[in-house]
Amino acid sequence: MASGTNLSESLNPATSSEAVKRAELSEIDASTKIPALFFLCSALGWILIGTIFALIASFKMHTPGFLGDAEWLTFGRVRTAHLNAVIYGWASNASFLVIIWLMARLSRSLLRHPILLLTAGVFWNVGVTIGIYGILTGDSTSIEWLEIPPYATPLLFVAYALMGVWAVIMFRFGKSPHIYVSQWYILAALFWFPWIYSVAQIMTIWAPARGTVQALVNWWFAHNVLGLWFTPIGLASVYYFLPKVLGKPIHSYYLSVLGFWSLAIFYNWAGVHHLVGGPVPAWVQTAGIAASIMMLIPVVVTGINHHMTMIGSFNALRYSPTLRFIVFGAVNYTLVSVIGSFMSLRGWAEITHFTQHTIAHAHHGLYAFFTMVMFGAIYYILPRLLLKEWPSAALISVHFWATAVGSLIMVLVLTVGGFHQGLLLNTPKLANTLGLQPGTDPVPFLEVVRVMNKYLVSRSLSGILIFVGHLAFAVNVVWMLLKPRSAEVTAPTLFRNPPEMEVVTR
Amino acid sequence: MKTPDPREHNTRIEQAGASDESIQDVHAILAREKPEPHEGYSPMPLFVLGFVSAIIFIGAIYIVRHRAGFDPLAYDERYDPSMAATNAAPVKVDPIAEGKKLFMTCAACHQPTGQGVPGVFPPLVKSEWVNGSEDRVIRILLNGLSGPVKVEGNTYNNAMPAFGPGGYGWSDEKISYILTYVRQEWGNTGAPITPEKVAEIRKAVGQRKPWAAEELEAIK
């Protein structure tokens, strides 16, 4: 890639080899259109369904009678349905969309075998639908993150295998001489996920390991879904869209390498920290905690790399929707990961484990980081697939502010609430450490429930805000799909037009 | 390291459409796009090296301090096998206390008071069998006793189950505890019985039918 080396080329892309490249890119984009739109629409459907499940579950936390007579919507089922709908429905479909589009673009080759992808997509979504239906009717396996009943999981696995085969073919026939960092993450994730998923399925459901080993496998898996599947896809997107939108290179190749390999080495050890204090050999927990501490390396290194790329261009956040979502996500990636490392420490986990704090962390990672990055990616990809502009900048604005503020409120409220809850549950110990007389210790459990109410209500409110954001997003997408393509040369839909936009004279 | 790029500080994000006719077939959205991303090669800042080393150091210290001897059975990270070896005193068991717990079994027949039931279960209190030769009483416990037996002047004709091989299968320790207990409770004056002694007799007689009183009387 020789961009920026030739002055005339930079000043006038239209007359340079850049133009050829662009023509090529437009063909590549067009070739991804059908499968990419399929995954986009599936993802959109699931995020709406998933959010509704989430709201029902959240209301039940403070108003237990809400929908209390509906057997299908009891808390245990609807919470689980929420988790699976957003993980396997929304987040994974969005990942597939980004994978398809980025893989095709980065390997500089037309999308091959769209049939393979569409088959995978159908299998995946049918599998998730049957799975969630199964969960709602009471067939959950009751193993966290693997609740989808065994009659649906083979469909997911087949879908995933097809996806992996496709990516390898794409990579094999790629024309790009250089493998860009986003591709490392995508390819790695495409191997990591089937690995963790099949091992976890076998060792917890088909031929369950005995005793605590089962719990170990369970949390090794659940943690790795985030770390070895969603995180790489999220980072691949940040690594692509940040420099793409800004038009400048990623700060340092060396930092990218260090960040990638340290993530690959340390992440998959860290899951055990979910079992801190549990009946698992102490040294295994220690290894998990040490790995969580080591995770500071990839996180900080990647954070520096992104920050140094951004530096000097923060002004651009005022204009570009893609950039704003991506940067919000990237900042939260750093935050959530650093907090996560601390949460694994024994002293911290003693207070926060089994409290709302964990829920805050999960949403911080999967929503404020991953989901926001996916939104950013979609804002960039969709106009290139449809060759239309986003119909409404106002709706994008609503989407951004509702989801950003909503997710931050949720994370904040539950983090504080979780600490409060944990301290109350731990009171004899707390009184001891503070040198107090353990007077009313232990606090009656019902009192703890009562105290938590205000946090839980605030969480529901933040959830409603997020749902409003999703609706704005959905309306914008559907509107865009339906609106006719403009024959004229169009301008991008930005939050506000940069001053130079008005004097385009190229 | 960095090549000067005139677009670097250009806030025209996703540059506005080009109108050149030569690219009519490339749509405006793509035409205005910035070039495909690539990596810069800024060297790694020195402090990153320091940071990475520091984290590795901290991680290593954490493992060393909380490794609990890498013992699969240690659930407390503060467990230290070397200290455990020096701190642990040889385990002391109180045979009387252990025996008292075990006596629940005997009490079903010999009664909690050890007085037995007249005509059915002989008493253990002041019994010459209990207080007498340890060779005999150990045999009664290991293999059982049946047929007529005279205890404190009264004759009983019943069956006492075996607690050794072929019976309840109690260990040498358990048998020594229960016998030590009954030989010292209720004003009884028998000497304590060691597990070694029980083991010796178990080895000598093995598994057999319950003893008859005359057989035992032949043994000292």
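Residues numbered from 1 in each chain as written. Chains lettered and ligands numbered in written order. Predicted model: local features only at pLDDT ≥ 70, side-chain atom pairs only at ≥ 80, totals over all residues. Heavy atoms only, no water.

Participant: How do you make sense of the overall build of chain A when you look at a structure like this?
Facilitator: Helix and strand counts for chain A stand at 16 helices and zero strands. Computed over its C-alpha atoms, the radius of gyration of chain A comes to 23 Å, within 12% of the 23 Å expected for a compact globule of 506 residues. In terms of overall dimensions, chain A has a C-alpha envelope of 80 × 50 × 50 Å along the principal axes. Every one of the 506 residues in chain A was classed for burial, and the buried ones make up 59%. For chain A, restricting intrachain contacts to residue pairs at least 6 apart in sequence, the fraction spanning at least 24 positions comes to 83%. For chain A, the exposed surface amounts to about 19100 Å²; the carbon and sulfur share of it is 71%. Within chain A, the 17 negative side-chain charges are centred at a point lying 4 Å from the centre of the 27 positive side-chain charges. (Helix = DSSP H or I, 4+ residues; strand = E, 2+ residues; numbered from the N terminus. Rg over C-alpha atoms; globule rule 2.2 N^0.38 Å. Buried < 20%, exposed > 50% of the residue type's maximum accessible area, 1.4 Å probe, protein only. Contact = heavy atoms within 4.5 Å. Areas by Shrake-Rupley, 256 points an atom, 1.4 Å probe, with all protein chains shown as cover. Lys, Arg positive; Asp, Glu negative; His and termini not counted. Charge placed at Lys NZ, Arg CZ, Asp CG, Glu CD.)

Participant: When you look at the overall build of chain B in this model, what are you seeing that I'm missing?
Facilitator: Check the secondary structure of chain B and you find nine helices and two strands. Counting from the amino terminus, chain B carries its helices and strands in the arrangement α-α-α-α-α-α-β-β-α-α-α. If you take every contact in chain B between residues at least 6 apart in sequence, the share linking residues at least 24 apart comes to 55%. Just so you have it, chain B exposes about 12300 Å², and 60% of that area is on carbon and sulfur atoms.

Participant: Teacher, can you tell me more about the pattern of salt bridges here?
Facilitator: Two side chains that carry opposite charge are able to pair once their charged atoms sit near each other. For the structure shown, the criterion picks out 18 salt bridges over all chains. As a salt-bridge pair, Glu77 of chain B and Arg346 of chain A come within 3.4 Å of each other at their nearest N and O atoms. Taken together, the residues span two chains, with Glu77 of chain B in the loop between helix 2 (46-65) and helix 3 (81-87) and Arg346 of chain A in helix 12 (residues 346-352). In this structure, Glu77 of chain B and Arg346 of chain A share a single accessibility class: buried. (Salt bridge = Lys/Arg side-chain N within 4 Å of Asp/Glu carboxyl O.)

Participant: Just to check I follow, could you spell out a negative patch on the surface for this structure?
Facilitator: Residue and element names in this part refer to chain B. Judged by side-chain charge, Glu128, Glu152, Glu214 and Glu217 come together as a negatively charged surface patch. Residue placement: Glu128 occurs in helix 5 (residues 128-131). Assessed through its relative accessible area of 42%, Glu128 is described here as partly exposed. (Patch = residues over 30% accessible without salt bridge, like charges linked within 9 Å, V, L, I, M, F, W, Y side chains within 5 Å.)

Participant: In this structure, what is going on with the packing of helix 9 (residues 282-294) of chain A against helix 10 (residues 296-310) of chain A? I would like to understand it.
Facilitator: Relative orientation and spacing of two packed helices are given, respectively, by the angle between their axes and the distance between those axes. Residue and element names in this part refer to chain A. The interhelical angle for the contact between helix 9 and helix 10, taken along N-to-C directions, is 15 degrees, at an axis separation of 5 Å. For the element pair helix 9 / helix 10, the angle class is roughly parallel. Only Leu296, Ile297 and Pro298 of helix 10 make contact with helix 9, whose side of the interface consists of Ser292, Ile293 and Met294. Grouping the amino acids of the contact of helix 9 with helix 10 by side-chain chemistry returns five nonpolar, one polar and no charged. (Axes fitted to C-alpha atoms, helices over the stretch in contact; angles between N-to-C directions. Parallel < 35°, antiparallel > 145°, perpendicular 65-115°, else oblique. Nonpolar A, V, L, I, M, F, W, Y, C, P; charged D, E, K, R; others polar.)

Participant: Sorry if this is basic, but what is going on with the side chain of Arg77 of chain A here?
Facilitator: Residues and elements named next belong to chain A. Mapping Arg77 onto the fold places it in helix 3 (residues 75-106). Arg77 sits in the buried class, given a relative accessible area of 19%. Not counting the four nearest positions on each side in its chain, Arg77 is found in contact with Glu71, Trp72, Ile135, Leu136, Thr137 and Gly138.

Participant: Any chance you could explain the packing of helix 2 (residues 17-62) of chain A against helix 3 of chain A here in plain terms?
Facilitator: Residue and element names in this part refer to chain A. Two elements in contact, helix 2 and helix 3, have axes whose closest approach is 7 Å; the angle formed by their N-to-C orientations is 165 degrees. One finds that helix 2 runs roughly antiparallel with respect to helix 3. In the packing of helix 2 onto helix 3, the handedness of the crossing is left-handed. Residues belonging to the contact of helix 2 with helix 3 are distributed by class as follows: 26 nonpolar, six polar and four charged. (Left-handed = near helix turned anticlockwise from the far one by under 90°.)

Participant: Explain the side chain of His470 of chain A to me, please; I cannot follow it from the model alone.
Facilitator: You can see His470 of chain A is positioned in helix 16 (residues 445-482). Not counting residues up to four positions away in its chain, the partners in contact with His470 of chain A are Ile47, Leu48, Thr51, Tyr367, Phe375 and Thr403 of chain A.

Participant: Hey, could you run me through the environment of His306 of chain A in this one?
Facilitator: With respect to the helices and strands, the residue His306 of chain A is situated in helix 10. Taking the relative accessible area as the measure of exposure, His306 of chain A reaches 7% and is therefore buried.

Participant: Teacher, can you tell me more about helix 9 of chain A here?
Facilitator: Residues spaced three or four apart along an α-helix face the same direction, because each turn holds 3.6 residues. Here helix 9 of chain A contains 13 residues, and its C-alpha end-to-end distance of 18 Å stays within 8% of the 18 Å for a straight helix at 1.5 Å per residue. Turning to helix 9 of chain A, its buried residues are Ala282, Val284, Gln285, Thr286, Ala287, Gly288, Ile289, Ala290, Ala291, Ser292, Ile293 and Met294 of chain A. Taken together, the buried residues of helix 9 of chain A touch helix 7 (212-246), helix 8 (253-266), helix 10, helix 11 (321-344) and helix 12 of chain A together with helix 2 of chain B. (Expected span 1.5 Å × (residues − 1).)

Participant: Please explain the packing of aromatic side chains as it appears in this structure.
Facilitator: Overall, the coordinates contain 51 aromatic pairs over all chains when judged by the stated rule. A ring pair is formed by Phe260 of chain A and Trp261 of chain A, whose centres lie 5.1 Å apart and whose planes are at 85 degrees; its orientation type is edge-to-face. Look at Phe260 of chain A and you get buried, because its relative accessible area is 6%. Ring pairing ties together the aromatic residues Phe38, Phe39, Tyr88, Phe96, Trp124, Tyr160, Phe193, Tyr197, Phe221, Trp229, Phe230 and Phe370 of chain A, which thus form one cluster. Geometry around Trp211 of chain B places Arg208 of chain B over its ring, the cationic atom sitting 3.6 Å from the centre. (Phe/Tyr/Trp six-rings, centres within 6.5 Å; stacked < 30°, edge-to-face > 60°. Lys NZ or Arg CZ within 6 Å of the ring centre and 35° of its normal.)

Participant: Would you take a moment to explain the pairing of strand 1 (residues 145-151) of chain B for this structure?
Facilitator: The side chains of a regular strand alternate between both faces of the sheet. All names here are of chain B. Alignment of strand 1 against strand 2 (residues 154-160), held across seven bridges, turns out to be antiparallel. Bridge pairing links Val151 to Asn154 in strand 2. Adjacent in sequence and paired antiparallel, strand 1 and strand 2 are bridged by two residues, among which Glu152 carries a positive phi angle near 50 degrees. (Pairing = 2+ DSSP bridges.)

Participant: Just to check I follow, could you spell out the nonpolar core for this structure?
Facilitator: Where a protein is soluble and globular, its nonpolar side chains tend to be buried together. Among the nonpolar cores identified, the biggest contains 159 residues, and Trp90, Phe221 and Trp229 of chain A are the most heavily contacted of them. Per-element tally for this core: the top contributor is helix 3 of chain A, with 20 residues. Trp229 of chain A has contacts with Ser92, Ser95, Phe96, Ile99, Tyr160, Ala189, Phe193 and Asn224 of chain A, leaving out every residue within four places of it along the chain. In this structure, Ile140, Phe163, Trp170 and Tyr177 of chain B belong to the second largest nonpolar core, which totals 32 residues. (Core = buried A, V, L, I, M, F, W, Y, C linked by side-chain atoms within 4.5 Å.)

Participant: Help me understand helix 10 of chain A in this model?
Facilitator: Here helix 10 of chain A spans 21 Å end to end across 15 residues, near enough to the 21 Å set by a 1.5 Å rise per residue. Along helix 10 of chain A, twelve of the 15 residues are buried, which leaves the element largely enclosed by surrounding structure. Within helix 10 of chain A, the full set of buried residues consists of Leu296, Ile297, Pro298, Val299, Val301, Thr302, Gly303, Ile304, Asn305, His306, Thr309 and Met310 of chain A. Packing partners of the buried residues in helix 10 of chain A comprise helix 7, helix 8, helix 9 and helix 11 of chain A together with helix 2 of chain B. Phi turns positive one or two residues past the end of helix 10 of chain A, at Gly312 of chain A, with a value near 90 degrees.

Participant: So what exactly am I meant to see when it comes to a nonpolar patch on the surface here?
Facilitator: Residues and elements named next belong to chain A. Residues Val398, Val457, Leu461, Ile464 and Val468 make up a contiguous nonpolar surface patch of roughly 370 Å² in combined accessible area. Along the chain, Val468 falls in helix 16. Classification of Val468 as partly exposed rests on a relative accessible area of 39%.

Participant: I would appreciate a short explanation of unusual backbone geometry in the present structure.
Facilitator: Excluding glycine, residues mostly have negative phi values, and the peptide bonds linking residues are mostly trans. Phi at His113 of chain A is positive, roughly 50 degrees, even though this residue is not glycine. Residue placement: His113 of chain A occurs in the loop between helix 3 and helix 4 (114-136). On the accessibility criterion, His113 of chain A (41% relative accessible area) is partly exposed. Located in the positive-phi region is Trp186 of chain B, a residue other than glycine, with phi close to 55 degrees. Its place among the elements puts Trp186 of chain B in the loop between helix 7 (172-184) and helix 8 (195-205).

Participant: Explain the confidence of the model for chain B here, please?
Facilitator: Atomic detail in the predicted coordinates should be set aside for any region of low pLDDT. All names here are of chain B. Averaged over all residues, the pLDDT of chain B equals 82, while 85% of them reach at least 70. Residue range residues 1-26 is modelled with pLDDT below 50. Its contacts to residues more than four positions away, or to other chains, number 65 contacts. For this predicted complex, the interface confidence comes out at an ipTM of 0.85, alongside a pTM of 0.74. (pLDDT = per-residue confidence, 0-100.)

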